Amino acid sequence: MSWIGFKKSLNRAGITVLQKTGQIERIVDCEFADEDSKYRAFEECQALQRDSKQYQDTMRTMTITQARLAETIETFYGAADRTSDGAMASHAFKSAVEELDGGIQRELDAPYRTTITEPLGKMNAYFPIVNEHISIRKKKLLDYDAERSKLRKTIEKPSEDPTKLPKTQQEHDDAKEVFELMNDQLISELPQLSDLRIPYFDPSFEAMIRMQCKFAEEGYEKMSAVQRYFADNVRDDYAAGQLDAQVEAVLQEMRELSICGAN
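What this report covers is the structure whose coordinates are included nearby. (Residues numbered from 1 in each chain as written. Predicted model: local features only at pLDDT ≥ 70, side-chain atom pairs only at ≥ 80, totals over all residues. Heavy atoms only, no water.)

### What to know about the layout of surface pockets
Thought 1: Size it by volume and the second largest pocket reaches roughly 230 Å³.
Thought 2: In this structure, the second largest pocket is lined by Tyr-126, Ile-129, Val-130, His-133, Gln-185, Leu-186, Glu-189, Leu-190, Gln-192, Leu-193 and Leu-196.
Thought 3: Secondary structure elements with two or more residues in the lining of the second largest pocket: helix H5 (126-156) and helix H6 (164-227).
Thought 4: It is H6 that provides the largest number of residues to the lining of the second largest pocket, a total of 7 residues.
Thought 5: Its residues placed into classes, the lining of the second largest pocket shows 7 nonpolar, 3 polar and 1 charged. (1 Å grid on protein atoms, 1.4 Å probe; cavity = no way out; pocket = protein on both sides within 12 Å on 5 of 7 lines; lining within 4 Å. Points joined across faces, edges and corners; volume = space filled by probe spheres on them. Helix = DSSP H or I, 4+ residues; strand = E, 2+ residues; numbered from the N terminus. Nonpolar A, V, L, I, M, F, W, Y, C, P; charged D, E, K, R; others polar.)

### Re the side chain of Asn-124
Thought 1: Here Asn-124 lies in helix H4 (residues 85-124).
Thought 2: The residues contacting Asn-124, other than those within four sequence positions of it, are Cys-45, Gln-46 and Gln-49. (Contact = heavy atoms within 4.5 Å.)

### Considering a nonpolar patch on the surface
Thought 1: A cluster of nonpolar side chains, namely Val-247, Val-250, Leu-251, Met-254, Leu-257 and Ile-259, defines an oily patch on the protein surface of about 570 Å² accessible area.
Thought 2: Within the secondary structure, Leu-251 is located in helix H8 (residues 242-255). (Patch = residues over 30% accessible without salt bridge, like charges linked within 9 Å, V, L, I, M, F, W, Y side chains within 5 Å. Areas by Shrake-Rupley, 256 points an atom, 1.4 Å probe, with all protein chains shown as cover. Salt bridge = Lys/Arg side-chain N within 4 Å of Asp/Glu carboxyl O.)

### Points about the pattern of salt bridges
Thought 1: Scanning the model with the defined rule gives 16 salt bridges in all.
Thought 2: Among the ionic pairs, Asp-51 bridges to Arg-50, the shortest N-O distance being 3.3 Å.
Thought 3: Since its relative accessible area comes to 55%, Arg-50 is described here as exposed.
Thought 4: When the shortest N-O distance is used, the salt bridge between Arg-60 and Asp-101 registers 2.8 Å. (Buried < 20%, exposed > 50% of the residue type's maximum accessible area, 1.4 Å probe, protein only.)

In structure tokens:
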């Protein structure tokens, strides 16, 4: 920061303190405050990029974990009887989740990044720039408030120097012009920026839904193929509570084994 910039920062800090104590009047711009409030709500959309990236990572983690689970299950059944229905079902399950995992990498990762996370990142890149303009506007408002106060005091207590009032008036007018130019620009363009978020995000939102549908449909299709290895009456038996009784009977047999703690 230059020496001039440092002096301005100190002066603005002093003005802020004087405003808080009521010694300098503060301009309240309700129109800008309303647009700024709407923009801040829009700014919260930055979470979309983080959450969409987290969703993609979660999907990848889920399919990778599912693949490891399928590998363990296949080993579990294969160690007992490779020709059993359970062994064939576990092998089919492993093949299905491997295809799902591969499909995620081939067909979803790149399109998801291209149509969702990257566009959101480009949109979020504008927020720091806009915030810098708002920050500059705040500084120019402090300068304007200071010049207004100075002009008022000069008028109330005229100086013997005939050049002081015209000079103070000019400094006031210059500060007012700079502030109003930036203020009007923000009031005009902030709502335009907020309105543009909808047509910008619409394609990404549609792509997100389509890709989720594709993943769900492929998952359902592949898991349905695994289901054919199970008896048709399994679902009915589960609903009737018979499977619970079957599992409990097996657990009882385990408990009766000496190595499981039976006396």
